[in-house]
Amino acid sequence: MTTNTVRTVPLSRPFRGLANYFAAIRRDVQSALERDPAARSALEIFLLYPGLHAIWIHRISHWLWMSNLKLPARWLSQLARGLTGIEIHPGATIGQGLFIDHGMGVVIGETAEVGSDVTLYHGVTLGGTSLNKGKRHPTIGDRVTIGAGAKVLGNITIGSDS
């Protein structure tokens, strides 16, 4: 049995420069074009895909969280939840190229780690099962697809290419 290592990209990284943040947005739009057969154009994706809007806001809230600005980070994440229907805790670590398709009801918990090029469908929960302060949410490897309504709970690892 092999152990898969999840390569997560610290989200404070896009804030080394605004150009890097916009490069990440371009990559996100390209990921959606590649993975959504209903996508018609980059402009449509940029304007109308709430999964991407939630991810873009998460990058900012995660940076605030990592900068020990916990309250503004939580406030921004709740604003994103109200706007998109997708709840991503600012403490969650998200890799590049995450695509949340039909994202209503997606929940990603505080200690969740999501690898690169992951696809989540509506109603997915990456949730905790413990009241302990430590790692209590799943780790998702690279290039994983999690189907609609799936509940992945606890400190477990879903290996890459699953």
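Data block above holds the structure.
Every value quoted in this text rests on a predicted model; they were computed, and no experiment measured them.

Calculation rules
- Residues numbered from 1 in each chain as written.
- Predicted model: local features only at pLDDT ≥ 70, side-chain atom pairs only at ≥ 80, totals over all residues.
- Heavy atoms only, no water.
- Helix = DSSP H or I, 4+ residues; strand = E, 2+ residues; numbered from the N terminus.
- Buried < 20%, exposed > 50% of the residue type's maximum accessible area, 1.4 Å probe, protein only.
- Polar contact = N/O pair within 3.5 Å; in protein donor to acceptor, adjacent residues only side chain to side chain.
- Pairing = 2+ DSSP bridges.
- Contact = heavy atoms within 4.5 Å.
- Axes fitted to C-alpha atoms, helices over the stretch in contact; angles between N-to-C directions.
- Parallel < 35°, antiparallel > 145°, perpendicular 65-115°, else oblique.
- Nonpolar A, V, L, I, M, F, W, Y, C, P; charged D, E, K, R; others polar.
- Expected span 1.5 Å × (residues − 1).
- Arc of directions from axis to C-beta.

Things to note about the side chain of His 89
Summarising the element assignment, His 89 is placed in the loop between β1 (87–88) and β2 (93–94). For His 89, a relative accessible area of 14% translates into the label buried. In terms of polar contacts, His 89 uses its side chain to reach the backbone amide nitrogen of Gly 91, at 2.8 Å.

A word on the sheet that holds strand β7 (residues 125–127)
Here four strands make up an open sheet; going across it, the order is β1-β4-β7-β10 and the pairing parallel. The outermost strands of the open sheet, each flanked by one partner alone, are β1 and β10 (151–153).

Comments concerning the environment of Gly 105
Tracing the chain through its elements places Gly 105 in the loop between β3 (99–101) and β4 (107–108). The sequence separation of Gly 105 and Thr 125 amounts to 20 residues, and the corresponding C-alpha distance is 8.0 Å. Other than its neighbours up to four places away in sequence, Gly 105 contacts Gly 85, Gly 123 and Val 124.

What to know about the packing of helix α3 (residues 50–66) against helix α4 (residues 70–84)
At a minimum axis separation of 8 Å, α3 and α4 run at an interaxial angle of 175°. Between α3 and α4, the angle falls in the class roughly antiparallel. Judged by residue contacts, Pro 50, His 53, Ala 54, Ile 57, Ile 60, Ser 61, Leu 64 and Trp 65 of α3 engage Lys 70, Pro 72, Ala 73, Arg 74, Leu 76, Ser 77, Ala 80 and Thr 84 from α4. Taken together, the residues that form the contact of α3 with α4 break down as 10 nonpolar, four polar and two charged.

Overview of helix α1 (residues 18–35)
With 18 residues, α1 should reach 26 Å at 1.5 Å per residue; the first-to-last C-alpha distance of 26 Å fits that figure. Among the residues of α1, Tyr 21, Ala 24, Ile 25, Asp 28, Val 29, Ser 31 and Ala 32 are the ones counted as buried. Taken down its axis, α1 places every buried residue within 155° of arc, on the same side. Facing away from the buried side of α1 by over 90 degrees, the exposed positions are Ala 19, Arg 26 and Glu 34.

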